[in-house]
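If you want the building blocks of each chain, they are given just below.
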Amino acid sequence: MTNPAVDRLITSIVSWVNTQKSHVTKTKLLKLLYLFDVEYYRIHRRTFTGFAWKFFHLGPWAPEFDPLLQGMVEIDALTERRSNKEYDAFFYRTKAPIDARAAFTTMQDEAILRRVLIRWAEASTGEILNYVYFQTPPMEAAVRNQPLDFSIIPADAPLAYSRSS
């Protein structure tokens, strides 16, 4: 079941990335949500979003994401702008800055999001995809078109990511 606070999580992520003078596409947002769920699972042994993550096409995807995102655009929680340069790319913004605390009841959970965003908010989508596809336990063990197994995520902290030369 999807967590009702996911809409606040999404607006928090979009706002944070925007304030870093970076952009948020649909793909980048989905992968940031996935990375947050991976790190949240390390601590709580459950995902925050409650999404039914699966290995679809090339990476993690959740069927709940598209309708949720479209609904947020329809109620003006997010604005959507189509790129003039990229193929069917949409960029998302919040109308005003939103504090990351909006989605959480504990500082510990907010800290998980902040760690993910400090590392990945300004990263290119390609860099995020490389990490997501090849260095997160659920994707390393994934079978195409099957649910992702978050239970294989170790409870210890992940190794620091470093980009290969």
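Peer 1: Got a minute to help me understand the overall build of the chain in this structure?
Peer 2: A tally of helices and strands in the chain yields 6 helices and 4 strands. When the helices and strands of the chain are placed in sequence order, the string is α-α-β-β-α-β-β-α-α-α. Computed over the C-alpha atoms, the radius of gyration of the chain is 15 Å, within 12% of the 15 Å expected from 2.2 N^0.38 for a compact globule of 165 residues. For the C-alpha atoms alone, the extent of the chain along its principal axes is close to 40 × 35 × 35 Å. Nonlocal contacts in the chain, meaning residues at least 24 apart in sequence, comprise 65% of its contacts between residues at least 6 apart.

Peer 1: Before we go on, may I ask you to explain the environment of Ala 142 in this structure?
Peer 2: Residue position: Ala 142 is located in the segment after helix H6 (137–140). Along the primary structure Ala 142 and Gln 20 are separated by 122 residues, whereas in three dimensions their C-alpha atoms are 32 Å apart. Those residues within four positions of Ala 142 in sequence are excluded, and the remaining contacts are Phe 55 and Leu 148.

Peer 1: Would you mind showing me how to read the side chain of Thr 94 here?
Peer 2: Position of Thr 94 among the secondary structure elements: in the loop between strand E4 (90–93) and helix H4 (107–120). A distance of 2.9 Å separates a polar atom in the side chain of Thr 94 from the backbone oxygen of Ala 96. The contact partners of Thr 94, leaving out residues within four places of it in the chain, are Thr 11, Val 14, Ser 15, Asn 18, Ala 77 and Leu 78.

Peer 1: What is the right way to read the environment of Ala 77 from this model?
Peer 2: Here Ala 77 shows up in the loop between helix H3 (65–74) and strand E3 (79–82). Take Ala 77: its relative accessible area is 26%, and that puts it in the partly exposed class. C-alpha separation for the pair Ala 77 and Asp 7, spaced 70 residues apart in sequence, amounts to 8.6 Å.

Peer 1: Is there a simple way to think about unusual backbone geometry in this case?
Peer 2: The bulk of non-glycine residues show a negative phi, and the bulk of peptide bonds are trans. Even without glycine at this site, Arg 45 takes up a positive phi of about 60°. Here Arg 45 shows up in the loop between helix H2 (26–44) and strand E1 (54–56). For Arg 45, a relative accessible area of 36% corresponds to the partly exposed category. Of note in this structure, Asn 145 is not a glycine but carries a positive phi near 65°. Note on placement: Asn 145 falls in the segment after H6.

Peer 1: Could you clarify how one ought to interpret the packing of aromatic side chains in this entry?
Peer 2: The description of an aromatic ring pair uses the distance of the two centres, along with the angle that the planes make with each other. In the structure shown here, the tally under the stated rule is 12 aromatic pairs. Seen from their ring centres, Tyr 41 and Phe 150 are 5.8 Å apart, and the 50° between their planes marks the pair as tilted. Of this pair, Tyr 41 sits in helix H2 while Phe 150 sits in the segment after H6, and the two are 109 residues apart along the sequence. Exposure class is identical for Tyr 41 and Phe 150. Each is buried. Here the aromatic residues Tyr 34, Tyr 41, Phe 51, Trp 53 and Phe 150 are joined through ring pairs into a cluster of three or more. When the ring centre of Trp 120 is taken as reference, the NZ or CZ atom of Arg 119 above it lies at 4.1 Å.

How each quantity is defined
- Residues numbered from 1 in each chain as written.
- Predicted model: local features only at pLDDT ≥ 70, side-chain atom pairs only at ≥ 80, totals over all residues.
- Heavy atoms only, no water.
- Helix = DSSP H or I, 4+ residues; strand = E, 2+ residues; numbered from the N terminus.
- Rg over C-alpha atoms; globule rule 2.2 N^0.38 Å.
- Contact = heavy atoms within 4.5 Å.
- Polar contact = N/O pair within 3.5 Å; in protein donor to acceptor, adjacent residues only side chain to side chain.
- Buried < 20%, exposed > 50% of the residue type's maximum accessible area, 1.4 Å probe, protein only.
- Phe/Tyr/Trp six-rings, centres within 6.5 Å; stacked < 30°, edge-to-face > 60°.
- Lys NZ or Arg CZ within 6 Å of the ring centre and 35° of its normal.

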